[in-house]
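# Remarks on the overall topology
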Amino acid sequence: MSIEMKDYYAARAKEYDKIYAKPERQEDLRAIEQWLPPKFADAEVLEVAAGTGYWTQFIAPVAKRVVALDASQETFSIAKSRAGCAGVDWVVGDAYQMPLAGQKFDAVFAGFWFSHIPLEKLPGYLSYLNGFLNPGARVIFLDNLYVEGNSTPLSDRDAAGNTYQTRPLADGSTHKVLKNYPTELELSDLVSSFSRQFSYTTWQYYWAFDYRFDG
Ligand SMILES: C[S@@+](CC[C@H](N)C(=O)[O-])C[C@H]1O[C@@H](n2cnc3c(N)ncnc32)[C@H](O)[C@@H]1O
């Protein structure tokens with residue numbers, strides 16, 4: 001068993017995009033593919049934990065610039081081959097210590113990353129992220145709703161309230177992965193000290209939280 005998130009996703013890189021082929025999620029995915037890109041029109045966007053670039057391919061064509069960061073070189077080799085990802089600046093690095101000193105962005109997008117941030121780190125992490133934002137910048141987190149009978153069941157919960165799943169990979173290995181399912185109220189509370197404009201949107205399988213950094 002491994003709880004090292006970066007190693008898990010590096011090992012999963014080649015099979016990661018299977019999650020975007022689940023038949024029951026196609027309707028949601030098409031809706032989000034329409035909903036998301038216009039939010040980043042003409043913006044300088046930092047995409048955190050961009051992975052295989054599934055969302056990057058829709059954002060990059062409308063944004064002014066996209067800097068996509070991920071810890072895994074393996075996922076980026078897939079992302080770079082996507083037609084929509086031309087012109088993206090790829091940065092291999094740790095989302096908790098981004099090698100982007102002095103850079104400020106109009107927007108941040110992170111898909112399926114928020115749910116992997118330990119609860120106890122969230123307030124500090126969001127304020128760290130604020131350090132990369134211009135006043136008025138938009139931040140959008142997209143992530144999974146827990147859907148009984150469809151989501152991977154939760155296998156553990158720690159003292160801080162973080163929940164975990166036991167996930168198998170095609171090579172037979174299993175990985176204990178931190179995966180949280182925040183409520184709308186928890187999300188709102190987290191940003192209320194630096195944002196007066198935020199909204200929560202759901203589809204059948206996904207949620208998105210969209211807020212403006214007051215600056
Ligand atoms: C669930 S995937 C999401 C990928 C992509 N955003 C998407 O929506 O398809 C999580 C990503 O986080 C990356 N990751 C894990 N730990 C990281 C860290 N400390 N810093 C940067 N990226 C990390 C993994 O390599 C993986 O690509």
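Residues numbered from 1 in each chain as written. Predicted model: local features only at pLDDT ≥ 70, side-chain atom pairs only at ≥ 80, totals over all residues. Heavy atoms only, no water.

### Regarding unusual backbone geometry
Quick reminder of the rule: Working definition: helices are DSSP H or I runs of at least four residues, strands are E runs of at least two. Numbering for both runs from the N terminus. Only protein chains enter the calculation, and the probe is 1.4 Å; a residue is then buried if its accessible area is under 20% of its type maximum, exposed if over 50%, and partly exposed in between.
Within the chain, D42 stands out as a residue other than glycine whose phi angle is a positive 60°. Looking at the secondary structure, you find D42 in the loop between helix 2 (26–35) and strand 1 (44–48). Look at A49: it is not a glycine, yet its phi comes out positive at around 55°. Classification of A49 by relative accessible area gives buried; the value is 18%.

### Some words on the sheet that holds strand 2 (residues 65–70)
Convention followed: DSSP calls a pair of strands paired once it identifies at least 2 bridges connecting them. Every axis corresponds to a line fitted to the C-alpha atoms, with the helix fit spanning only the stretch in contact, and the corresponding angles, defined between N-to-C directions, vary from 0 to 180 degrees.
A sheet is described by the order of its strands in space; here seven strands give the open sequence 3-2-1-4-5-10-9, paired in mixed fashion. Strands at the two margins of the open sheet, each flanked by one partner only, are strand 3 (89–92) and strand 9 (197–202). When the angles between neighbouring strand axes are averaged without regard to direction, this sheet yields 15°. Sheet topology places strand 1 next to strand 2; five bridges connect them, and they run parallel. Residue pairing in the sheet places L46 in a bridge with V67 of strand 2.

### Here we look at the pairing of strand 8 (residues 174–178)
Inspection of the sheet shows strand 7 (residues 163–168) paired to strand 8 by five bridges, in the antiparallel sense. From the neighbouring strand, P168 faces strand 8, where its bridge partner is T174. In sequence, strand 7 turns back onto strand 8 through a hairpin of five residues, with G172 there showing a positive phi of about 95°.

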